[in-house]
Amino acid sequence: MGPAGRASADPAERARDKALRLLAVRSRAESELRQRLQASGFSQEVAGRVLERLRDSGLVDDRRFAFERARSMGKGKGWGPRKLRADLRHKGINDEVAEEAVRQAYGSRSCRQIMRRLVVKRFGQDTLEDGADRKLRGKVQRYLLGKGFEPDEVQSLFEGS
C-alpha cells in the first residue's frame, strides 16, 4: 500500500507484495513464484526483477526449498525417490539439486527401511511374512510404486522377507 492506504501504482512494488504474500503461506520455488506473478498480470521483466531482489535477500532460495520439500515429503509423506525427483523437477528445481535433496531426505535410512515402515503401518506386519495373501501383496506393491519407490526395490522387499 502506498500513501494514504492506496495501492501502489508501481508494478514492481505490487509484484513484490504479491510474492511476499505467497511466501508467507509457504516456501516456494522461484519458477512457481514467476508463474504466479505472470498469471497475476505482471510482465516477465517485472517478475524477473522482483525475483532477483528476493533471491539476493535470501527470501527465495531454490536449493533450500528443494531440501525442505524433499525432507518433508520423504519423511512426512513417505514419498519414494522417484516421486520426490519428479515433484522437485515439476517445481522447477534442476536435476543436480533435486538429486542431492533426495539423497539427504532419507539420511541414513534406506528405501527398504522406509518401505517396511510404510507397509507395517498401513497393512500390518503379516503382509511381509512368508505365505501372506498374494492379492494383498499385489495391493501393497501397487501402493509402494504409487509412493514413488523403484520397482526393483519394491520387488526386493518381498523376496526373502
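Residues numbered from 1 in each chain as written. Predicted model: local features only at pLDDT ≥ 70, side-chain atom pairs only at ≥ 80, totals over all residues. Heavy atoms only, no water.

J.: Provide a residue-level description of the packing of helix H4 (residues 62-76) against helix H5 (residues 81-90), including the pertinent values.
T.: Between H4 and H5, the least distance of the axes is 10 Å, while the angle of their chain directions is 145 degrees. When the axes of H4 and H5 are compared, the crossing they make is right-handed. The residues of H5 that touch H4, namely those facing Ala66, Arg69, Ala70, Met73 and Gly74, are Leu84, Asp87 and Leu88. Here the contact of H4 with H5 is composed, by residue class, of five nonpolar, one polar and two charged. (Axes fitted to C-alpha atoms, helices over the stretch in contact; angles between N-to-C directions. Helix = DSSP H or I, 4+ residues; strand = E, 2+ residues; numbered from the N terminus. Left-handed = near helix turned anticlockwise from the far one by under 90°. Contact = heavy atoms within 4.5 Å. Nonpolar A, V, L, I, M, F, W, Y, C, P; charged D, E, K, R; others polar.)

J.: Go over the side chain of Lys91 with me, naming the residues and quoting the values.
T.: Checked against the element boundaries, Lys91 lands in the loop between H5 and helix H6 (95-106). Filtering out sequence-adjacent residues up to four positions away, Lys91 remains in contact with Arg26, Ala29, Ser31, Glu32, Phe65 and Arg69.

J.: Could you give an account of the environment of Val119, naming the residues involved and the relevant values?
T.: Relative to the helices and strands, Val119 is located in helix H7 (residues 111-123). Sequence spacing of Val119 and Arg137 is 18 residues, and the spatial spacing of their C-alpha atoms is 9.9 Å.

J.: Run through the packing of aromatic side chains, naming residues and quoting values.
T.: Counted by the stated rule, this structure contains one aromatic pair. Consider the rings of Phe123 and Tyr143, whose centres lie 5.4 Å apart with planes at 75 degrees: the pair is edge-to-face. Of this pair, Phe123 sits in helix H7 while Tyr143 sits in helix H8 (residues 134-146), and the two are 20 residues apart along the sequence. An identical accessibility class is assigned to Phe123 and Tyr143; each is buried. (Phe/Tyr/Trp six-rings, centres within 6.5 Å; stacked < 30°, edge-to-face > 60°. Buried < 20%, exposed > 50% of the residue type's maximum accessible area, 1.4 Å probe, protein only.)

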